[in-house]
Amino acid sequence: MNYSNKIKRFLALVAICVFAATLSAQGQVTLSGIVKDKSDKTAVPFAGIIVKTEKDSAFAGGTITDEEGRFSLAGIKSGNYTMEVSCMGYVAQRIPLYLGNLSNFLDLNTIELEADQHLLDEVVVVANQSGTSSRLDKKTYSLAGNISQSGGSVMQAMQNLPGVTVRDGKIELRGNDKVAILMDGKQTALTGFGDQKGLDNIPASSIERIEIINNPSSKYDANGSAGIINIIYKKNDREGFNGKAGISTGLGALWQRKENLPDVPPQYTMTPKINPSVSVNYRKEKVNLFFQGDYLYTETLNKNEYVTRTYTDGSIVRSQLKRNRDTHFATLKAGVDWDIATNDVLTVSGLYGSEKIIDHGDQPFFNEDLTQRRRLWKFIEDELKTTVMATAAYRHKFKEAGHLLNAGFSYTFHREDEKYFFDNILTDVQGYDWFKLISDEQVMDFNVDYIKPLKSGRLETGIKFRKRDIPTNMQFNADKDTSAFDVAAGGKAAYRELIPSVYGNFVYENPRWETEIGLRIEYVNLKYEVNPNHPTYESDGYNYIEPFPTLRLAYKFNERNKISLFYNRRVDRPNEVDIRIFPKYDDAEIVKVGNPALQPQFTNAVELGFKTIWHTGSWYGAVYHKMTDGAITRISTAVPGNDLIYAIFQNAGRSYHTGVEMILAQDISKYYTANLNGNIYHNRINAFTVENKYPVLHTFSANRQNMYSGNVKLNNLFRPGSQSEIQVSAVWLAPDIIPQGKIRARFSLDLGIKQTIQKGKGELIFNVTDLLNTMAIRKTIEGNTFRYTLDDYYETQVMRIGYSYKF
């Protein structure tokens, strides 16, 4: 370095240090660019970059260019600024800047300085402070603050989140269960490509936070018309060795809510739970090693359904389905982040999950006054689910801040090994049946994503390729004289899915307006190969190439008030279990069957959202409307001469979902914070007629259904001391329509207490979910020749105590 350059660098650093002494706020945006000589286009090293607020010229941040003339300046918050670029021997440049909320990186490209041998400008630097409004398309919640559900499963933890409800083992967003569940941004067999019941066995202790995305951009897969829930695993990258270990234990079903029908063994009560967990990481220089391990053992009263079926001929059947469940669930996740070079990072990780379920079930069937038992159905389910997932992700950072190229590959293997053993006890004879199902799911995903920051936004584009194969084999063994099994409906089947896709997303922002326009194009080829000897179904499938546009247009009244308009088109493809040809007999007389002819449903959605923030709180409101063609739903029908009810997936026609959502967060005082969430919506399902092929060809017609419904959630957080927190959460779910019927209102109250100890490194937690034991599911279903009511008093009340320690 020559003497002149040393002087330039010294003067620049002196000026920066002087102004940096006034810096008081943390920022969020990183500026980058390159400074060149205007005449010969050569780089200008050691030029001073200073950012000042436009309003009062307050220092916001600063840096100097490197030997290649490049600079990167982090820590600048949203707002209006003036950037000064100066260097000894050049005329200083003053450039107006607006930093928005849509991009964390802004590339200013090339800044040219004109030579002036008589001018030596003083160098200045800046950083900013002004609050930023959210984009209103995503809500993020840390599970550390969800005290009342700590120690439970991910599904249980979600029940208190705004806009989220849980019904029949499925997550709903704003009353819609067509939700795509991601783990660390990826869809996996662990959480299901449609079936979400695995979430009830993933310990919440392994999760850092949950993101709710009601209006996904085009960079996300188009599947999931209700939106996306992204579950982020815990991971630390601090220098050295550190981590967290914890254990929680508890009891559920503290008392029996409804007495058993005759001949039913005792329900599970005082069910034990235990959940040890540990997460550690070790970082040294360019390598970060991480590990997360969790084990969850639970005994639960998984189902306790009381059903009354009334047929048009006047006959009445009463039954109870009681299912006592033992579950062992273990997850191990480990990986390494390797900084290959200054701008290149490789992350390789693996995940192993094992879920062992043993169910003891009993289901008697009686006449109306319980004086005559017509059948006793006893069963044991032995199920083992094994998941192995391997991922590799590569990131290249270009010289400009925020200019990225990402590439990733993931492979998932998921085996479902399910065995049922039945005692079928009739009035004068007893039979023994069993069936075994093996399903091996293999999913390969490959993606490349490119992000280019612009002066007033960014450009995103990428490709993705998915290959998914699920061969299944169902074998029945049945007593010919007594069995309810359709033995001929077994055999082999194979689900084969191929999805290449490409997307582009453009973001533009100025001081008042934000625009995000995207388009995703997906080609889907699905084939479902059926056992040629199946008595009803034949091989089927579908293919399409469809565009899925997205739009977000926002207007900022000021830094605290913003209104946004969203539009997106999304799809819900039938999951493999939705088209699976094998009848499922977990209920002896309400048989669930898939439908290989099932087609995707397409949804167009529009939403208008507004958010305002003030010093101690915020308010968010949204009005939304969705129209779905080919709505996928189960249709329950009876066949003449047969008392069984068959629940089969069908495309039921067009449906509409219109609603209003509100979230109010307010710090009442330093001791009390309240969060109120309300969601009111109107569901309409048009009249439809479907043709069910199983077990014999028959049709079903339904009139149009309408209903207003919604839910209200109130989270109260009390801080009686600096180390103590108490959370009280109340949830009320209004009556709602379901296909062919209605579900009644539900209510629960949760309590959680957290005490920080050991100088902030330790935590003690005590909580009770469904404190009053009031949460129960009550449904009414109308069929072609029957009507039935169902009341499910499954386990919802759980008391836990836990301890964790950071090191």
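Now for a description of the structure that goes with this document. (Residues numbered from 1 in each chain as written. Predicted model: local features only at pLDDT ≥ 70, side-chain atom pairs only at ≥ 80, totals over all residues. Heavy atoms only, no water.)

Topic: the overall build of the protein
Helix and strand counts for the protein stand at three helices and 44 strands. Relative to a compact globule of 807 residues, whose C-alpha radius of gyration would be 28 Å, the protein shows 30 Å and is just as compact. On the principal axes, the C-alpha backbone points of the protein span a range of 110 × 55 × 45 Å. In the protein, buried positions account for 54% of the 807 residues. (Helix = DSSP H or I, 4+ residues; strand = E, 2+ residues; numbered from the N terminus. Rg over C-alpha atoms; globule rule 2.2 N^0.38 Å. Buried < 20%, exposed > 50% of the residue type's maximum accessible area, 1.4 Å probe, protein only.)

A short note on the pattern of salt bridges
Evaluation of the coordinates by the stated rule reveals 54 salt bridges. Put simply, Arg174 and Glu661 hold a salt bridge, and the shortest N to O gap is 2.6 Å. One end of the pair, Arg174, is in the loop between β10 (170-173) and β11 (179-183); the other, Glu661, is in strand β32 (residues 655-669), with 487 residues separating them in the sequence. Arg174 gets classed as buried once you look at its relative accessible area, which sits at 4%. Arg375 serves as the salt-bridge partner of Glu589, at 3.1 Å between the closest nitrogen and oxygen. (Salt bridge = Lys/Arg side-chain N within 4 Å of Asp/Glu carboxyl O.)

Here's the deal with the pairing of strand β14 (residues 240-252)
In the sheet, β14 pairs with strand β15 (residues 271-284) via 13 bridges, with the strands oriented antiparallel. Residue pairing in the sheet places Ile247 in a bridge with Pro276 of β15. (Pairing = 2+ DSSP bridges.)

Side note on a nonpolar patch on the surface
A cluster of nonpolar side chains, contributed by Phe409, Met444, Phe446, Ile463, Phe465, Leu498, Val502, Leu519, Ile521 and Ile545, occupies part of the molecular surface with about 830 Å² of accessible area. Along the chain, Phe409 falls in strand β20 (residues 404-426). (Patch = residues over 30% accessible without salt bridge, like charges linked within 9 Å, V, L, I, M, F, W, Y side chains within 5 Å. Areas by Shrake-Rupley, 256 points an atom, 1.4 Å probe, with all protein chains shown as cover.)

Some details on the side chain of Ser748
Position of Ser748 relative to the elements: it lies in strand β40 (residues 746-757). On the basis of relative accessibility, which here comes to 8%, the residue Ser748 falls in the buried class. For Ser748, the contacting residues outside a window of four places in its chain are Ser729, Ala730, Val731, Asp770, Thr774 and Met775. (Contact = heavy atoms within 4.5 Å.)

Here we look at the packing of aromatic side chains
What the rule picks out here adds up to 29 aromatic pairs. Geometrically, the ring pair formed by Tyr544 and Phe602 is edge-to-face, given 5.6 Å between the ring centres and 75 degrees between the ring planes. Placement of Tyr544 in strand β25 (residues 540-558) and of Phe602 in strand β28 (residues 601-614) is noted, with a sequence separation of 58 residues between them. Side by side, Tyr544 and Phe602 carry an identical accessibility label, which is buried. One aromatic cluster in this structure is built from Trp377, Phe379, Tyr420, Phe422, Phe435, Phe476, Phe485 and Tyr585. The ring of Tyr306 has Lys258 lying over it, and the distance from NZ or CZ to the ring centre is 4.5 Å. (Phe/Tyr/Trp six-rings, centres within 6.5 Å; stacked < 30°, edge-to-face > 60°. Lys NZ or Arg CZ within 6 Å of the ring centre and 35° of its normal.)

Some words on the sheet that holds strand β3 (residues 59-64)
Here we have four strands laid out as an open sheet, ordered β3-β2-β5-β6, and antiparallel in their pairing. Here the strands that pair on one side only, and so sit at the sheet edges, are β3 and β6 (93-99). Neighbour-to-neighbour, the strand axes of this sheet turn through a mean angle of 20 degrees, independent of strand direction. Pairing of strand β2 (residues 48-53) with strand β5 (residues 79-86), which is carried by six bridges, proceeds in the antiparallel orientation. When the sheet's bridge partners are listed, Val51 is paired in β5 with Met83. (Axes fitted to C-alpha atoms, helices over the stretch in contact; angles between N-to-C directions.)

Remarks on the sheet that holds β11
The strand order β8-β12-β13-β11 describes an open sheet built from four strands, whose pairing is mixed. Only two strands of the sheet have a single neighbouring strand rather than two, namely β8 (139-142) and β11. Across the sheet, the mean angle from the axis of one strand to that of its neighbour is 15 degrees, orientation sign disregarded. Across five bridges, β11 lies against strand β13 (residues 227-233) in parallel orientation. For Leu182, the partnering residue across the bridge sits in β13 and is Asn230.

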